[in-house]
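# Observations on the model geometry
Below are the chains, spelled out letter by letter.
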Amino acid sequence: MSSLNHCIKFELDVKDENIVFKDYFYKSIKLQKHKIYEAELIQPACPFCGSLDLLHNGHLITNIRYPTANASLPVIIRLAKQRVKCRDCDHWSMAQSELVNKYCSISNASKLKVLSALTEDRSITSIARENNVSINTVQRVLGNCSHRFIDSYEYLPAHLAFDEFKGVDRQLHFICLDGDSHQVVQILRTRYKKTLLKYFGRFSPQARANVRTVTMDLNFYYQDIVRACFPNAQIVIDRFHMIQMLTRSFNSLRVQVMKTFDKRSRQYQLLKSPWRLYLKKFDELEKVHPRYNWHYKDCLTQAQVVTEGINTSTALENSYNLMQSFIQAVETGNTHELKSLINCQDQIGTLMHKTLLTFKHNLTAVLNGAALPYSNGCLEGFNRKIKQIERTAFGYSNFTNLLTRIRLEEDLYKEKEPNSLLMVA
């Protein structure tokens, strides 16, 4: 072997002994400078009988796109594959290599690099441009990964989290996560009750009996699914959704009380401009250093602003005290205090009363949300990641491609060795 062959193989990291590099040169293709390597792929023996008595009958020239280390110039390997006929078994064959698959002009190294880039938050166009391949090639590599995520209906985690997110055509897709490891259990195209019952019904009774808790928001038919599919599971209402529902009810009452006053009055300004202070915990409000505010033309601390604002209405004051006590009870896990607050008979707003009535109808699940450490926080964070994936790609029109991209960008697949990802390409 010549020193040129060894140097080129070392530069391109080609380890196939049957490939012999002969020369290289530069050529402009479509107004872009390319580096062309000329090589020959030798057929050492018959693939059918192993005979070495071969009759050579020309070559098949294939231009193979190959990745470069510094991405300075696109690289093409002009590979001449030997065509041979075995004199012993009379079979015709053509030399093949692990460098590239049969009938393909994109090297396996390029596919591996594309697949590695798909695990990052990048657009398909930028990946194709960097690797000197077409957008369709990147999409084919992405499509070939979909078969890796085959469902297994023999196991379910002990703690599940249910939610939905907007995906293809702005439809709501169902997503289920493991509450302990925060890994995706399943993403379904729709969130319809019939679809969810059919999916979880495929699991074995032992797998469904293994589920101990299911965390969710106040979606009513999710609870029906849990009762129908998981006999040993406790329903846990997410703490964030409970507090969010309560604060929205209070905020609606604040606006309602505010509109009863004249826009130039002090009461109106106290309830309007510092609205964020009413949604904070009272212990976190400033109580020492007063500041002047030009809206209500006075120098007050944050605690004084809130106290004077809620004193404008008895219902508003009761609702505020109820909201603050509810938040504290949820944070401390005081289920007895939480139960008494839900059964409160004080004068509060209509929407606040409806919120408490909703909590009362789901009392066991609400108390579980305060007592147990599980929540939908991991799921909300993962939904934020999905939104970023969709934003980077300017949306997806194919649900399978979206699902595959979500799975590839999970930390689980980033930690795997690159050689294990090459099998899908």
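Residues numbered from 1 in each chain as written. Predicted model: local features only at pLDDT ≥ 70, side-chain atom pairs only at ≥ 80, totals over all residues. Heavy atoms only, no water.

### As for the overall build of the protein
- The helix and strand inventory of the protein stands at 19 helices and 12 strands.
- Computed over the C-alpha atoms, the radius of gyration of the protein is 32 Å, more than 25% above the 22 Å expected from 2.2 N^0.38 for a compact globule of 425 residues.
- By principal-axis analysis of the C-alpha atoms, the protein measures approximately 100 × 55 × 35 Å.
- By residue count, 46% of the 425 residues in the protein fall in the buried class.
- For the protein, the share of sequence-separated contacts (at least 6 apart) that also reach a separation of at least 24 residues comes to 59%.
- For the protein, the accessible surface area stands at approximately 22,900 Å², while carbon and sulfur atoms represent 51% of it. (Helix = DSSP H or I, 4+ residues; strand = E, 2+ residues; numbered from the N terminus. Rg over C-alpha atoms; globule rule 2.2 N^0.38 Å. Buried < 20%, exposed > 50% of the residue type's maximum accessible area, 1.4 Å probe, protein only. Contact = heavy atoms within 4.5 Å. Areas by Shrake-Rupley, 256 points an atom, 1.4 Å probe, with all protein chains shown as cover.)

### Observations concerning the nonpolar core
- Ranked by size, the top nonpolar core spans 62 residues in total, and within it Phe162, Phe200, Val214, Phe230 and Phe326 carry the most contacts.
- No other element matches the 8 residues that helix H12 (residues 314–332) contributes to this core.
- Excluding anything up to four places from it in sequence, Val214 contacts Leu160, Phe162, Val226, Phe230, Ala233, Gln234, Ile235 and Val236.
- Counting residues in hydrophobic clusters, the runner-up holds 31 residues, among them Leu79, Val100, Ile106 and Val141. (Core = buried A, V, L, I, M, F, W, Y, C linked by side-chain atoms within 4.5 Å.)

### A closer look at the packing of helix H13 (residues 335–342) against helix H15 (residues 363–371)
- For the pair H13 and H15, the least separation of the axes is 10 Å and the interaxial angle reads 140°. Along this stretch, H13 crosses H15, giving a crossing that reads as right-handed. In this structure, H13 uses Thr335, Leu338, Lys339 and Ile342 to contact H15, whose residues at the interface are Leu363, Val366, Leu367, Ala370 and Ala371. (Axes fitted to C-alpha atoms, helices over the stretch in contact; angles between N-to-C directions. Left-handed = near helix turned anticlockwise from the far one by under 90°.)

### Points about unusual backbone geometry
- Unlike most non-glycine residues, Asp90 shows phi in positive territory, near 60°.
- Unusually for a residue other than glycine, Arg170 sits at a positive phi of about 60°.
- Residue position: Arg170 is located in the loop between strand S6 (159–166) and strand S7 (172–178).
- Take Arg170: its relative accessible area is 64%, and that puts it in the exposed class.

### So, the environment of Ile19
- Looking at the element boundaries, Ile19 is found in strand S1 (residues 19–29).
- When the C-alpha atoms of Ile19 and Asn5 are compared, they prove to be 9.0 Å apart, with 14 residues separating the residues in sequence.
- Residues within four places of Ile19 in sequence aside, it is in contact with Asn5, Lys9, Val14, Ala39, Glu40, Leu41, Leu79, Ser97 and Leu99.

### Let's talk about the sheet that holds S6
- One open sheet holds the 5 strands; their spatial order is S8-S7-S6-S9-S10, and the pairing between them is mixed. Both edges of this open sheet fall to strand S8 (184–188) and strand S10 (234–237), since each of them pairs with a single strand only. The sheet shows a mean angle of 20° between the axes of neighbouring strands, direction not considered.
- Lying over the sheet, helix H17 (residues 399–408) contacts S6, S7 and S8, oriented at roughly 165° with respect to S8. (Pairing = 2+ DSSP bridges.)

### Observations concerning the packing of aromatic side chains
- A full pass over the atoms with the stated rule returns 17 aromatic pairs.
- Relative to Tyr221, the ring of Phe220 has its centre 5.7 Å away and its plane inclined at 85°; by these criteria the two rings are edge-to-face.
- The exposure class of Phe220 is exposed, given its relative accessible area of 63%.
- Taken together, Tyr153, Phe162, Phe174, Tyr199, Phe200, Phe203, Phe220, Tyr221, Tyr222 and Phe230 form an aromatic cluster joined through their ring pairs.
- Taking the ring centre of Tyr26 as reference, the NZ or CZ of Lys33 above it sits at 4.7 Å.
- A cation over an aromatic ring shows up here: Lys287 above the ring of Phe282, its NZ or CZ 4.9 Å from the ring centre. (Phe/Tyr/Trp six-rings, centres within 6.5 Å; stacked < 30°, edge-to-face > 60°. Lys NZ or Arg CZ within 6 Å of the ring centre and 35° of its normal.)

### Considering helix H1 (residues 3–12)
- When H1 is considered as a whole, its buried residues turn out to be Asn5, Ile8, Lys9 and Leu12. Mapping the buried residues of H1 onto a view down its axis gives an arc of 100°, with all of them on the same face. Turned more than 90 degrees away from the buried face of H1, the exposed residues are Ser3, Cys7 and Phe10.
- Buried residues belonging to H1 abut S1, strand S2 (32–41), strand S3 (54–66) and strand S4 (75–86).
- Backbone geometry just downstream of H1 places Asp13 in the positive-phi region, at approximately 60°. (Arc of directions from axis to C-beta.)

### Focus: the side chain of Asp238
- Within the secondary structure, Asp238 is located in the loop between S10 and helix H8 (239–258).
- Put simply, Asp238 is tucked away with no salt bridge, and the nearest opposite charge, on Arg239, sits 5.9 Å away.
- Of note is the side chain of Asp238, whose polar atom sits 2.8 Å from the side chain of His241. (Lys, Arg positive; Asp, Glu negative; His and termini not counted. Salt bridge = Lys/Arg side-chain N within 4 Å of Asp/Glu carboxyl O. Polar contact = N/O pair within 3.5 Å; in protein donor to acceptor, adjacent residues only side chain to side chain.)

### With respect to helix H11 (residues 302–310)
- Listed in full, the buried residues belonging to H11 are Ala303, Val305, Val306, Gly309 and Ile310. Buried residues of H11 fall within an arc of 160° about the axis and therefore sit on the same side.
- Tucked into the core, H11 has its buried residues touching helix H9 (266–272), helix H10 (275–278), strand S12 (298–300) and H12.

### Topic: the state of the cysteines
- Enumeration over the complete set of coordinates arrives at 0 disulfides.
- You can see Cys46 has no disulfide; the closest cysteine sulfur is in Cys89, sitting 3.6 Å from it.
- Of the residues examined, Cys46 reaches a relative accessible area of 5% and is grouped as buried.
- Its sulfur unpaired, Cys229 is 11 Å from the next cysteine sulfur, which belongs to Cys176.
- Judged by relative accessible area, Cys229 falls into the buried class, the value being 5%. (Disulfide = S-S within 2.5 Å.)

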